[in-house]
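Fold and contact review
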Amino acid sequence: MSNELLSLTHGFLGLVILMAFSGILVWLNRSKKSDIKNIKTAAVIMLIATLFLFITGVSAYAVYRSSGGARESILAGDKPWVHNILMELKEFTGFYVLVIMFVITYFIFHFKEQIILDKKLKKILIALLILLMIWTLITFAFGAYITKVRAI
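All figures in this text were calculated on a predicted structure; none of them were measured in a lab.

1. Examining the packing of helix 2 (residues 36–65) against helix 4 (residues 81–111)
Each pair of packed helices gets described by two things: the angle between the helix axes and the distance between those axes. Direction vectors running N to C along helix 2 and helix 4 enclose 160°, while the axes themselves pass 9 Å from each other. Judged on the interaxial angle alone, helix 4 and helix 2 are roughly antiparallel. Judged by the twist between their axes, the crossing of helix 2 over helix 4 is left-handed. The segment helix 2 lies against helix 4, with Ile-39, Lys-40, Ala-43, Val-44, Met-46, Leu-47, Thr-50, Leu-51, Phe-54, Tyr-61, Tyr-64 and Arg-65 engaging His-83, Met-87, Glu-91, Gly-94, Phe-95, Val-97, Leu-98, Met-101, Phe-102, Thr-105, Ile-108 and Phe-109. Across the contact of helix 2 with helix 4, the residue classes break down as 17 nonpolar, 4 polar and 3 charged.

Below is the structure:
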């Protein structure tokens, strides 16, 4: 897979996660018991997209670290902190997006319709979704800035 296609796929998967996230929030807001099927479907889509987002991210990271790759260029340039701080943080923030998504999916499949009926469970799920989105956006911001300094 070419670097451009890899980057495009990685970005597209992020978009899929954002769309499914929006769907879950809409269905939670409507609060109909029948919407739990849609919420489950969106959670599975988000989980699969997050898993592939992680895989494409690890693949891009291998290209980034390869001989003659962006890492060498960044470390040799005037902004080595971009690698030393942002990329090192991005490695871990990206992994935790996947972990948080597994927790969200388990939560939805474990509590099912109770999420719609119990306001506390709904608030917990919304908080988890917001945490996931904040973590995702932080990871995205790191990646966007790193790519601005030197694309893979």
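2. Examining helix 1 (residues 3–30)
Because an α-helix completes one turn every 3.6 residues, residues spaced three or four positions apart along the sequence face the same direction. End to end, helix 1 covers 41 Å across 28 residues, agreeing with the expected 40 Å (1.5 Å per residue, within 8%). Among all positions in helix 1, only Leu-6, Leu-13, Gly-14, Val-16, Ile-17, Ala-20, Phe-21, Gly-23, Ile-24 and Leu-28 are buried. Those residues of helix 1 that are buried are in contact with helix 2, helix 5 (114–117) and helix 6 (119–149). Where helix 1 terminates, the next one or two residues include Ser-31, which has phi positive at roughly 60°.

3. Overview of the side chain of His-83
Here His-83 lies in helix 4. Of the residues examined, His-83 reaches a relative accessible area of 2% and is grouped as buried.

4. Quick notes on the layout of surface pockets
Summary: where empty space remains is shown by rolling a probe the size of a single water molecule over the atoms. Of the pockets and cavities examined, the largest pocket occupies roughly 980 Å³. Along the wall of the largest pocket there are 34 residues; nearest its centre are His-10, Gly-57, Lys-90, Thr-139 and Gly-143. For the lining of the largest pocket, the secondary-structure elements that each account for two or more residues are helix 1, helix 2, helix 4 and helix 6.

5. A word on the nonpolar core
One finds Ile-24, Leu-28, Met-46, Ile-104, Leu-125 and Leu-129 to be the most contacted residues of the largest nonpolar core, which totals 29 residues. In contact with Leu-28, not counting residues within four places along its chain, are Ile-39, Ile-115, Ile-116, Lys-122, Leu-125, Ile-126 and Leu-129. Judged by nonpolar contacts, the second largest core, of 8 residues, contains Ala-70, Ile-74, Met-87 and Phe-142.

6. Observations concerning the packing of aromatic side chains
Applying the stated criterion to the full structure yields 5 aromatic pairs. Between the aromatic rings of Tyr-61 and Tyr-64, the centroid separation amounts to 5.9 Å while the plane-to-plane angle is 20°, which identifies the pairing as stacked. Linking Tyr-61 with Tyr-64, this pair stays in helix 2, spanning 3 residues, or about one helical turn. The interplanar angle of 25° and the centroid separation of 5.7 Å between the aromatic rings of Trp-81 and Tyr-145 together place this pair among those described as stacked. Within this pair, whereas Trp-81 is found in helix 4, its partner Tyr-145 is found in helix 6, the two being separated by 64 residues in sequence. For Trp-81, a relative accessible area of 39% puts it in the partly exposed group.

Parameters and conventions
- Residues numbered from 1 in each chain as written.
- Predicted model: local features only at pLDDT ≥ 70, side-chain atom pairs only at ≥ 80, totals over all residues.
- Heavy atoms only, no water.
- Axes fitted to C-alpha atoms, helices over the stretch in contact; angles between N-to-C directions.
- Helix = DSSP H or I, 4+ residues; strand = E, 2+ residues; numbered from the N terminus.
- Parallel < 35°, antiparallel > 145°, perpendicular 65-115°, else oblique.
- Left-handed = near helix turned anticlockwise from the far one by under 90°.
- Contact = heavy atoms within 4.5 Å.
- Nonpolar A, V, L, I, M, F, W, Y, C, P; charged D, E, K, R; others polar.
- Expected span 1.5 Å × (residues − 1).
- Buried < 20%, exposed > 50% of the residue type's maximum accessible area, 1.4 Å probe, protein only.
- 1 Å grid on protein atoms, 1.4 Å probe; cavity = no way out; pocket = protein on both sides within 12 Å on 5 of 7 lines; lining within 4 Å.
- Points joined across faces, edges and corners; volume = space filled by probe spheres on them.
- Core = buried A, V, L, I, M, F, W, Y, C linked by side-chain atoms within 4.5 Å.
- Phe/Tyr/Trp six-rings, centres within 6.5 Å; stacked < 30°, edge-to-face > 60°.

Without other data, these values stay purely geometric and don't point to any function.
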